[in-house]
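Read off the chains here:
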Amino acid sequence: MNKLKNKLIHFIDQFSQYSIIGLYFWLFMFRSGFIYGFFPAAIGLIKSIRELSREDGNTSVKAIYTNAFHEFKQQKWVSFLLFLFTGISLMSLYSFLFTEYPFLGFIQIPLIILTCMLWIFSVYSVYFLSQEEKKSNNIKWIYALAFDTCIRRPINSVVICLTLLALCLLIKINLIVFIFFAPPLFVMLTKRIVYIPSILLR
């Protein structure tokens, strides 16, 4: 009976921790102006889940997010491009725009493909930047490595993209569940899919 009770307590504790991690992701997104805040918030998200999985992890979620915010808040341009292309791609899906702007039909598919590639590149980048073992502080080198990896690992990249699209469906099912659990769930589903080059682990 005690064993079952302990498992239940552990489950409730984990459930609450993941919901807090998900909430902090959005809070720090808004703190950075939303369209500029994806990178620091996503890095804080990955580091928080990594800390939660450690038996000796005792750093607070807020502290992890705050450190990530101060360390990577200058990485605004990729976050901005990410949301710019996402917004344009979503707008291109509305049929009435084709009547007003017929040329959109020619750029819609390339635009959506480019947006998906940018999201995949961003996922690899935040995973690489969150690596505590990384030896290089050269952000441009990390970006180049992320781009190279997402091209060299096409199957992993496609799975990452499909996972992201699948979780976006939660918005239609339940917005509250999406806000609290989509961010940590995405990391839990992709942490074994994202390939981390050995050069970052040396």
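Residue positions are given per chain, counted from 1 along the sequence in the order it is written. The model is predicted, so local features are restricted to residues of pLDDT at least 70 and side-chain atom pairs to those at 80 or more, both for listing and for counting; the totals for chains, interfaces and linings are taken over all residues. Side-chain measures were taken over the full set of non-hydrogen atoms in the model, leaving aside hydrogen atoms and water.

The secondary structure listing takes helices from DSSP runs of H or I that are at least 4 residues long and strands from runs of E that are at least 2 residues long, numbered from the N terminus. For a helix, the expected span equals 1.5 Å multiplied by the residue count minus one. An ideal rise of 1.5 Å per residue puts 20 Å on 14 residues; helix 7 (residues 139-152) measures up with 20 Å between its terminal C-alpha atoms. Three or more residues of helix 7 are buried, namely Ile142, Tyr143, Leu145, Ala146, Thr149 and Cys150. Down the axis, helix 7 shows its buried residues gathered within 160° of arc, on one side only. What points out from helix 7, more than 90 degrees from its buried face, is the exposed set Lys140 and Arg152. Between N or O atoms, a polar contact is any pair within 3.5 Å; within protein, one atom must be a potential hydrogen donor and the other a potential acceptor, and residues adjacent in sequence are included only when both atoms are from side chains. One side-chain oxygen of the residue at the start of helix 7 lies 3.1 Å from the amide nitrogen of Lys140, identifying that residue as Asn138. Relative accessibility under 20% of the residue-type maximum defines a buried residue, over 50% an exposed one, and the middle range a partly exposed one, all with a 1.4 Å probe and only protein chains included. The arc in question is the one spanned by the directions pointing from the helix axis to the C-beta atoms.

This part covers the packing of helix 2 (residues 38-53) against helix 3 (residues 61-72). At a minimum axis separation of 8 Å, helix 2 and helix 3 run at an interaxial angle of 145°. The element helix 2 and its partner helix 3 pack so that their crossing is right-handed. Facing helix 2, whose interface residues are Pro40, Ala41, Ile43, Gly44, Leu45, Lys47, Ser48 and Glu51, helix 3 presents Val61, Ile64, Tyr65, Ala68, Phe69, Glu71 and Phe72. Partitioned by chemical class, the residues of the contact of helix 2 with helix 3 number 10 nonpolar, two polar and three charged. Here an axis means a line fitted to C-alpha atoms, over the contact stretch when the element is a helix, while the angle between two N-to-C directions is reported on a 0 to 180 degree scale. The sense of a crossing depends on the near helix, which, turned anticlockwise from the far helix by less than a right angle, makes the crossing left-handed and, turned clockwise, makes it right-handed. Between two residues, a contact is recorded if the distance between any of their heavy atoms is within 4.5 Å. We call Asp, Glu, Lys and Arg charged. Ala, Val, Leu, Ile, Met, Phe, Trp, Tyr, Cys and Pro are nonpolar, and the rest, Gly among them, are polar.

Attention now goes to the packing of aromatic side chains. Pairs were defined over the aromatic rings of Phe, Tyr and Trp, the Trp ring being its six-membered one, requiring ring centres within 6.5 Å. Orientation was assigned from the angle between planes: stacked under 30 degrees, edge-to-face over 60, tilted for the rest. Under the counting rule described, the total for this entry stands at 16 aromatic pairs. For the ring pair Tyr36 and Phe80, a centre distance of 5.9 Å and an interplane angle of 15° mean the geometry is stacked. Placement of Tyr36 in the loop between helix 1 (2-31) and helix 2 and of Phe80 in helix 4 (residues 76-92) is noted, with a sequence separation of 44 residues between them. Under the relative-accessibility criterion, Tyr36 is labelled partly exposed at 34%. Taken together, the ring pairs in this structure connect Phe30, Phe34, Phe38, Phe39, Trp77, Phe83, Trp119, Phe121 and Tyr143 into an aromatic cluster. The rule for a charge over a ring is simple: NZ of Lys or CZ of Arg within 6 Å of the ring centre, and within 35 degrees of the ring normal. Above the face of the Phe69 ring, Arg31 is positioned so that its terminal group lies 4.3 Å from the ring centre. Geometry around Tyr195 places Arg153 over its ring, the cationic atom sitting 3.7 Å from the centre.

What follows covers the side chain of Ser48. Mapped onto the fold, Ser48 is located in helix 2. A polar contact of 2.7 Å, which involves the side chain of Ser48, links it to the backbone oxygen of Gly44. Contact partners of Ser48, with chain neighbours within four places excluded, come to Ile21, Val61, Ile64 and Tyr65.

A few words now on the pattern of salt bridges. Salt bridges are defined by distance alone: a side-chain nitrogen of Lys or Arg within 4 Å of a carboxyl oxygen of Asp or Glu. Under the definition given, this model contains one salt bridge. Asp148 is the salt-bridge partner of Arg152, the closest N and O atoms lying 2.8 Å from each other. With a gap of four residues between them, Arg152 and Asp148 both fall in helix 7, about one helical turn apart. Residue Asp148 is classed as partly exposed on the basis of its relative accessible area, which comes to 32%.

Glancing now at the environment of Thr190. As for its placement among the helices and strands, Thr190 is situated in helix 10 (residues 175-190). Along the chain, Thr190 and Thr163 lie 27 residues apart, while their C-alpha atoms are 7.8 Å from each other. Residues contacting Thr190, with those up to four places away along its chain left out, are Tyr127 and Thr163.

Looking now at a positive patch on the surface. Only residues whose relative accessible area exceeds 30% and that form no salt bridge are eligible for patches; like-charged ones are grouped when within 9 Å, while nonpolar side chains (Val, Leu, Ile, Met, Phe, Trp, Tyr) are grouped when within 5 Å. Throughout, the Shrake-Rupley method with a 1.4 Å probe supplies accessible areas, and for residues the shown protein chains are the sole cover considered. The charged-residue count follows a simple rule in which Lys and Arg add positive charge and Asp and Glu add negative charge, with His and chain termini not counted at all. Where a charge lies is defined by one atom per residue type: Lys uses NZ, Arg uses CZ, Asp uses CG and Glu uses CD. A surface patch of like charges, here positive, comprises Arg31, Lys62, Lys73 and Lys76. Judged by its relative accessible area of 46%, Arg31 is partly exposed.

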